[in-house]
Amino acid sequence: MILSDVLAASIAWRPVDGDLVLLAGTVADLPVIETALATLPAKARGQVFVEVTGPDEVRDLNAPGRVCVTWLDRSAGRSVDVALEAWLAEMLPVEFDREHRVYAWIAGQGSARIISS
């Protein structure tokens, strides 16, 4: 069994080419986030949010070049919830001439799924 099959079985992770990818969680979720990042093609685009309790938990994550990793320091008042709301408001604007799609896995929110406007 290959890594992507294991991940797909555990969180139903199957983004489609062209989807923006969104991953979010805490330090405890890093194994899932790292595994999901490892399955992405080099041309993937998207965002990763990781909430930490302090700067000592920040480390390098291996992500494709067009996937931005943002560390949210809870001790500085930053949270995944606020970051997600702001990012989704920007990336899923209400426009009638085209559909916007984000393939997301957010810790504690169940299986990965498509969010669209």
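Reference entry: report on the structure contained in this document. Values in this document were obtained by computation on a predicted structure and should not be read as measured data.

Quick notes on the side chain of Gln 47
Residue position: Gln 47 is located in strand β2 (residues 45-52). Its relative accessible area of 7% is what places Gln 47 among the buried residues. A polar contact is formed between the side chain of Gln 47 and the side chain of Thr 70, at a distance of 2.8 Å. Here Gln 47 is in contact with Val 21, Leu 22, Leu 23, Val 67, Cys 68, Val 69, Thr 70 and Trp 87, once residues within four sequence places are set aside.

Side note on helix α3 (residues 80-91)
In this model, α3 (12 residues) spans 16 Å end to end at C-alpha, consistent with the 16 Å of a helix rising 1.5 Å per residue. Those residues of α3 not exposed but buried are Val 80, Ala 83, Leu 84, Trp 87 and Leu 88. End-on, the buried residues of α3 take up no more than an arc of 120°, which puts them together on one face. Those residues of α3 that are exposed and aimed more than 90 degrees away from the buried face are Asp 81, Val 82, Glu 85, Ala 89 and Glu 90.

Examining the environment of Leu 23
Note on placement: Leu 23 falls in strand β1 (residues 20-26). Of the residues examined, Leu 23 reaches a relative accessible area of 1% and is grouped as buried. When the C-alpha atoms of Leu 23 and Ala 104 are compared, they prove to be 5.8 Å apart, with 81 residues separating the residues in sequence. With near-sequence residues (within four places) excluded, Leu 23 lies in contact with Trp 13, Ile 33, Ala 36, Leu 37, Gln 47, Val 48, Phe 49 and Trp 105.

As for the pattern of salt bridges
All chains considered together, the criterion is met by two salt bridges. With its nearest N and O atoms 2.9 Å apart, the salt bridge here joins Arg 59 to Glu 34. Residue Arg 59 is located in the loop between β2 and β3 (66-73), and its partner Glu 34 is located in helix α2 (residues 30-38); the two are separated by 25 residues in the primary sequence. Note on Glu 34: relative accessible area 30%, which makes it partly exposed. Among the salt bridges present, the one from Glu 51 reaches Arg 74, with a minimum N-O distance of 2.5 Å. Of this pair, Glu 51 sits in strand β2 while Arg 74 sits in the loop between β3 and α3, and the two are 23 residues apart along the sequence.

Considerations on the pairing of strand β4 (residues 101-106)
In terms of burial, β4 is largely enclosed, as five of its six residues are buried. Looking at chain direction, β1 and β4 are connected through five bridges and run parallel. In the sheet register, Ala 24 faces β4, and the bridge partner there is Ile 106.

About the criteria used
Residues numbered from 1 in each chain as written. Predicted model: local features only at pLDDT ≥ 70, side-chain atom pairs only at ≥ 80, totals over all residues. Heavy atoms only, no water. Helix = DSSP H or I, 4+ residues; strand = E, 2+ residues; numbered from the N terminus. Buried < 20%, exposed > 50% of the residue type's maximum accessible area, 1.4 Å probe, protein only. Polar contact = N/O pair within 3.5 Å; in protein donor to acceptor, adjacent residues only side chain to side chain. Contact = heavy atoms within 4.5 Å. Expected span 1.5 Å × (residues − 1). Arc of directions from axis to C-beta. Salt bridge = Lys/Arg side-chain N within 4 Å of Asp/Glu carboxyl O. Pairing = 2+ DSSP bridges.

Purely spatial values, then, with no claim about function.
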